[in-house]
Amino acid sequence: MFDLKGKVALITGGSRGIGRAIALRLAENGVDVVVNYVRHRRDAEATVQAIEDLGGRCLAVKANVAKEEDVARMFEEIAKTYQRLDILVSNAASGVLKPVMELTTRHWNWAMDINARALLTLSQHAVPMMEKGGRIMAVSSIGAVRAVPNYTVVGASKAALESLVRHLAVELGPQGIHVNTISAGVVDTDALKKFPNRDEIISESLRRTPMGRLTTPDDVADVALFLCSDLARMIHGQTVVVDGGYAIAG
């Protein structure tokens, strides 16, 4: 069920953290990978090397997914190298962590463009390359449905992302394209290090999570692999939460 040999996947923000874990997991199961990055070239090169060490093919492409011209250029490179796309994982994310009264229009637009609108632009380029159906996944977080201190614009953009997934699912389902969201719990990646209360977040998450540990990038990658498989053929337009029960613990 997890033999995806011959398929091609684009993972935005694929050089580190959750994106890198998804790229590796798909490559382990036969997928040719495109790793998108913006600033961390060495991490992207290391990911390419790790995938090639597994015997897979990997292309690293620098592109800011918030810029339509960058996305268009990236898809030109994908078409030139692979001539197709079967899987799109919209994982790249950014945003500022500030109290509500300190936020500006620039902060709002920045988060919305990268975390939400990018999925629309990516999908518009990806769908014409998915001639035999495909999988589109967006990576979200619990901040889309819960208030998290200083997470206002990021949380709002993640909520918009999850809404966009549902609308894409309705329109693209008839073409055999599955669209879903993976909502990750607290994952100790470089992104979490930007939170001033990181240690408090980790300790509180451990206390509240019934499974007794934090979610890892590999946990998220396993769900991404499942959603790419035929086992998930009737999961569509959904937000799949991967958090060890954190969200249900009050």
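Positions within a chain are numbered from 1, following the residues in the order the chain's sequence is written. With pLDDT at 70 or above as the cut-off, local features in this predicted model cover only qualifying residues; side-chain atom pairs require 80 or more to be listed or tallied, and sums for whole chains, interfaces and linings still use all residues. Side-chain metrics rest on all non-hydrogen atoms present in the structure, leaving aside hydrogens and water.

In the annotation of an unreviewed UniProt entry, the entry for the chain reads Enoyl-[acyl-carrier-protein] reductase [NADH], and the organism field reads Desulfolithobacter dissulfuricans. UniProt positions are given in the numbering used here, feature names are shortened, and annotations may be inferred rather than shown by experiment. The annotation that UniProt attaches to the chain under Pathway (unreviewed entry) is "Lipid metabolism."

This part takes up the pairing of strand β5 (residues 134–141). In terms of residue burial, β5 counts as a mostly covered element, since 8 of its 8 residues are buried. Note on exposure labels: buried denotes an accessible area under 20% of the residue type's maximum, exposed denotes more than 50%, and partly exposed covers the range between, all computed with a 1.4 Å probe on protein chains only. What counts as a helix is a DSSP run of H or I of at least four residues, what counts as a strand is a run of E of at least two, and both are numbered from the N terminus. Going residue by residue along β5, you find Gly134, Ile136, Ala138 and Ser140 tucked away on one face and Arg135, Met137, Val139 and Ser141 tucked away on the opposite face as well. For two strands to be treated as a pair, DSSP must find at least two bridges joining them. With 4 bridges connecting them, strand β4 (residues 87–90) and β5 associate as parallel partners. Bridging from a neighbouring strand, Ile87 pairs with Arg135 of β5. A crossover links β4 with its parallel partner β5, the connecting element being helix α4 (residues 105–126), and its sense is right-handed. In terms of strand pairing, β5 meets strand β6 (residues 177–184) through 8 bridges, oriented parallel. Across the sheet, Ser141 pairs through a bridge with Ala184, a residue of β6. For the handedness criterion, the β-α-β arrangement of β5, helix α5 (residues 152–172) and β6 is classed as right-handed. A clockwise path from the first strand over the helix to the second, with the strands pointing away from the viewer, defines a right-handed crossover.

Ranked by internal contacts, the top residues of the largest apolar core, which has 34 residues, are Leu10, Phe75, Leu85, Leu122 and Ile136. Those elements that place two or more of their residues in this core are β1 (8–11), β3 (58–62), α3 (68–81), α4, β5, α5 and β6. Per-element accounting of this core gives the leading share, 6 residues, to α5. In what follows, residue pairs with any heavy atoms lying within 4.5 Å of each other are defined as contacts. When near neighbours in sequence (up to four residues on either side) are disregarded, Ile136 contacts Leu88, Leu119, Ser123, Val127, Met130, Leu172, Ile177, His178, Val179 and Asn180. Take the buried Ala, Val, Leu, Ile, Met, Phe, Trp, Tyr and Cys residues and link them wherever side-chain atoms come within 4.5 Å; each set so joined is a nonpolar core. In terms of nonpolar packing, the next biggest core, distinct from the first, is built from 33 residues, Ile18, Ala50, Val89 and Cys228 among them.

Another point: the sheet that holds β4. What the 7 strands build is an open sheet, ordered β3-β2-β1-β4-β5-β6-β7; its pairing is parallel. One side of each edge strand has no neighbouring strand; the edge strands of this open sheet are β3 and β7 (239–242). Within this sheet the neighbouring strands show an average axis-to-axis angle of 20°, counted without direction. The strands touched by helix α2 (residues 41–53) are β2 (32–37) and β3; relative to β3, the strand with the most contacts, the crossing angle is about 170°. Note on method: axes are straight lines fitted to C-alpha atoms, helices fitted across the in-contact stretch only, with angles between N-to-C directions ranging 0 to 180 degrees. With respect to the sheet, α3 is in contact with β1, β2 and β3, its orientation differing from that of β3 by roughly 160°.

Okay, the side chain of Thr47 next. Looking at the element boundaries, Thr47 is found in helix α2. Looking at Thr47, the relative accessible area reads 0%, which means it is buried. Setting aside chain neighbours within four positions, we find Thr47 in contact with Gly14, Ser15, Arg20, Ala23 and Val35.

When two rings of Phe, Tyr or Trp (its six-membered ring) have centres within 6.5 Å they constitute a pair, described as stacked for plane angles under 30 degrees, edge-to-face for angles over 60, and tilted for the intermediate range. In total, this model carries 0 aromatic pairs according to the counting rule given. When the ring centre of Tyr246 is taken as origin, the NZ or CZ atom of Arg208, which lies over that ring, is 4.3 Å away. For a ring to carry a charge above it, either NZ of a lysine or CZ of an arginine must fall within 6 Å of the ring centroid while also lying within 35 degrees of the normal to the ring plane.

Further remarks concern the UniProt feature "binding site: NAD(+)" (unreviewed entry) in the chain. Under the local residue numbering, the UniProt record ascribes the feature "binding site: NAD(+)" (unreviewed entry) to Gly13, Lys158, Val187, Asp188, Thr189, Asp190 and Ala191. Take Val187: it is sitting in the loop between β6 and α6 (198–208).

Residues other than glycine seldom take positive phi values, yet Gln83 does so here, at roughly 65°. Relative to the helices and strands, Gln83 is located in the loop between α3 and β4. With a phi angle near 65°, Asn150 is a residue other than glycine that sits in the positive phi range. Its place among the elements puts Asn150 in the loop between β5 and α5. By relative accessible area, Asn150 is classed as partly exposed at 26%.

What follows deals with the environment of Val65. Looking at where Val65 falls in the secondary structure, it is placed in the loop between β3 and α3. Taking the C-alpha atoms as reference points, Val65 and Thr121, separated by 56 residues in sequence, lie 8.2 Å from one another.

The length a helix should cover is 1.5 Å for every residue beyond the first. Under the 1.5 Å per step criterion, the end-to-end length of α3 is 20 Å for 14 residues, consistent within 8% with the ideal 20 Å. One or two steps after α3, the chain reaches Gln83, where phi turns positive at roughly 65°.

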